[in-house]
Amino acid sequence: MNLHKLPVIMLLTAMAVIISSCSRQSELLDTIPADADVVAVADAKKLCQELGITLSDTGADIPPALKSGLFTDDRSRGVLDILGRCEASGAADISTVAVVSTDGESFMTLPVNDWEKLKSLGSPWLEWGEDTEGFHTGKIKDGMTILATGSQMWILNEDPKAPVIINKLLKASEKHSVGKIDAIAQFLGGDKMINIAIPAQNPLEEKDSDVSPETKWTLMGIEASENSLTADMEMVAETGEAIEMEGLQPVNPAVLSYVPEECSIAVAAGFTPRFDWDIITTLTSIGGDFQTRAALSVIAPYLKSIDGTVMIAAAPANNESFSDPNPGNWNFIMMAHMSQEKIDQILGMVRTMMFSAGISPKTDKDGIMVVPQYGTSLYIGNVDGYLAVATFPFSNDHNNSLTPIFEGKDAAGMLRVPSLSAISHNAPSWGIDMKARIEGSKGNLTITLPGSEGSVLLNLMTLL
């Protein structure tokens, strides 16, 4: 062979592999209805590597910490065993595994490379039966059904009607599939470890019978490394055009100067009158009792009066803050921007309630109410146009590290726990640091575990 041609041959071979992989993935997405509630595409091989799971021709070797936690049931172990044997034998492509939830059904599906190899995996968890409705059918021990054709396989909860269910979904996907929506299919085919697409649906409305070009999609890509776990989110139209989250505006960084030093928890968002609070109150009230719904009906009008930044932050007040969540163990502050009229109305209502309870709040020189509570004092008042409540006197001269997280963002939050052993003696000694941000149409979540070793994802899963 002419060695000068070797680089060209290698390049052409690599291109052929990439094109083949993209084609198989496109074919897979073409079998998923466009109106599915959730579609996730994962690189199961990479996911298993991050979780410390070794795949081989004898199945899956699961770390002890996961066996006693995340993978305690036989169903998940059986599926992993089959995936391991598929990867080792080349029977199926586990680098593209779709998990779908639609119309009350949830299933996993992936491309099949070789049916004969799949049939002869030799897994003790898998038992093939008779062909039905155009599928090779089988059972995975402890309640799972597996269906296969020469090019694709499906795994779902055990159901004698499984072939009928999948055929129905395949017919629906012939009319309109996720694979035919170019922007969504392109995202799901991205190189993240897990890519998730969810067609947005207002919880106050009935689910549409089909998606439309106006359908909003929430897209989330999850990636893991040894140092961090990240999730990038975006709202888009079916055309791929970015959609900014309605009713939000940048957080006013001035409120950050009121946050206590050594803050461990902080959340802030900038709201406009266009923000739909009905969705929040509806979701919060789901499953709530009469008192919860009654409280929400009282609070809702005041939430709709917010026309700026809302900020909540807390810092440990003593060594028992994390182990005992009693409010007296925390220094916290809440600020919400409202009109002067609304603030006066709320403060008047608070005074009336206190007098009715036999409490006579003191008022300082700035008009701030001081109320004994939780073994400390609550400070309540109008601070620079914000309705504010705190367990310490208001002061805007605090200097903290939150500005880079919140400045210029429509919403952001952070959680910082130096050591999880402070929460429970049985918890690991490493800590957790979470940062979340929303800006325009995009959002991001980053998780790191200071003091930990190895995969962040594996360490997080051992907590479950």
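Structure: see above.
Residues numbered from 1 in each chain as written. Predicted model: local features only at pLDDT ≥ 70, side-chain atom pairs only at ≥ 80, totals over all residues. Heavy atoms only, no water.

**With respect to the side chain of Asp410**
To keep it simple, the criterion reads: Secondary structure elements are defined from DSSP: runs of H or I of at least 4 residues count as helices, runs of E of at least 2 residues count as strands, and each element is numbered from the N terminus. The buried label goes to any residue with under 20% of its type's maximum accessible area, the exposed label to any with over 50%, and the partly exposed label to all in between, with areas taken from a 1.4 Å probe on protein chains only. Under the convention used here, Asp and Glu are negative, Lys and Arg are positive, and both His and the chain ends fall outside the count. Basic side-chain nitrogens of Lys or Arg form a salt bridge, by our definition, when they fall within 4 Å of a carboxyl oxygen of Asp or Glu. Two N or O atoms count as a polar contact when they lie within 3.5 Å, although within protein this holds only if one can serve as hydrogen donor and the other as acceptor, and sequence-adjacent residues are included solely when both atoms are side-chain atoms. Between two residues, a contact is recorded if the distance between any of their heavy atoms is within 4.5 Å.
As for its position among the elements, Asp410 is in the loop between helix H11 (403-406) and strand S21 (411-417). Nearest to the buried, unbridged Asp410 among oppositely charged side chains is Lys409, at 9.2 Å. A polar contact is formed between the side chain of Asp410 and the backbone nitrogen of Gly440, at a distance of 2.9 Å. Contacts of Asp410, omitting those with residues within four sequence positions, involve Leu248, Gln249, Pro250, Val251, Ala269, Gly270, Ile438, Glu439 and Gly440.

**A short note on helix H10 (residues 340-356)**
Spelled out, the test is: Each helix should span, by expectation, one fewer than its residue count multiplied by 1.5 Å. By construction, the arc corresponds to the directions joining the helix axis to the C-beta atoms.
Between its first and last C-alpha atoms H10 spans 24 Å; for 17 residues at 1.5 Å apiece the expected length is 24 Å, and the two agree. All of the buried residues in H10 are Ile343, Ile346, Leu347, Val350 and Met354. Buried residues of H10 fall within an arc of 95° about the axis and therefore sit on the same side. Exposed residues on H10 whose side chains face more than 90 degrees from its buried face are Glu341, Phe355 and Ser356. Two residues or fewer after H10 comes Gly358, characterised by a positive phi angle close to 80°.

**Points about the nonpolar core**
What counts is decided by this rule: Buried residues of nine kinds, namely Ala, Val, Leu, Ile, Met, Phe, Trp, Tyr and Cys, make up a nonpolar core once their side-chain atoms join them within 4.5 Å.
One finds Leu229 and Leu460 to be the most contacted residues of the largest nonpolar core, which totals 29 residues. At the level of secondary structure, the elements contributing two or more residues to this core comprise strand S1 (38-42), strand S10 (194-199), strand S11 (216-224), strand S12 (229-237) and helix H12 (456-461). Counting residues per element, this core draws most heavily on H12, which supplies four residues. If near-sequence neighbours (up to four positions away) are discounted, Leu460 is found in contact with Leu229, Ile432, Ile447 and Leu449.

**Details of the pattern of salt bridges**
In the structure shown here, the tally under the stated rule is 11 salt bridges. A salt bridge links Glu158 to Lys139; the nearest nitrogen and oxygen atoms lie 3.5 Å apart. One end of the pair, Glu158, is in the loop between strand S9 (152-157) and helix H6 (162-175); the other, Lys139, is in strand S7 (residues 135-140), with 19 residues separating them in the sequence. The exposure class assigned to Glu158 is partly exposed, which follows from its relative accessible area of 42%.

**Points about the pairing of strand S8 (residues 144-148)**
Two faces make up the sheet, and in a regular strand the side chains alternate between them. Going by this rule: Two strands qualify as a pair provided DSSP detects at least 2 bridges between them.
Of all five residues that make up S8, five are buried, and the element is covered over most of its length. By the alternation rule, side chains of S8 split into Met144, Ile146 and Ala148 and Thr145 and Leu147, which are all buried. Two elements, S7 and S8, share five bridges in a ladder whose sense is antiparallel. Counted as the bridge partner of Thr137 is Leu147 from S8. In textbook terms, the turn of a hairpin is the stretch between consecutive antiparallel strands, and for S7 and S8 this stretch comprises three residues, one of which, Asp142, has a positive phi near 70°. Where S8 meets S9, five bridges bridge the pair, whose relative direction is antiparallel.

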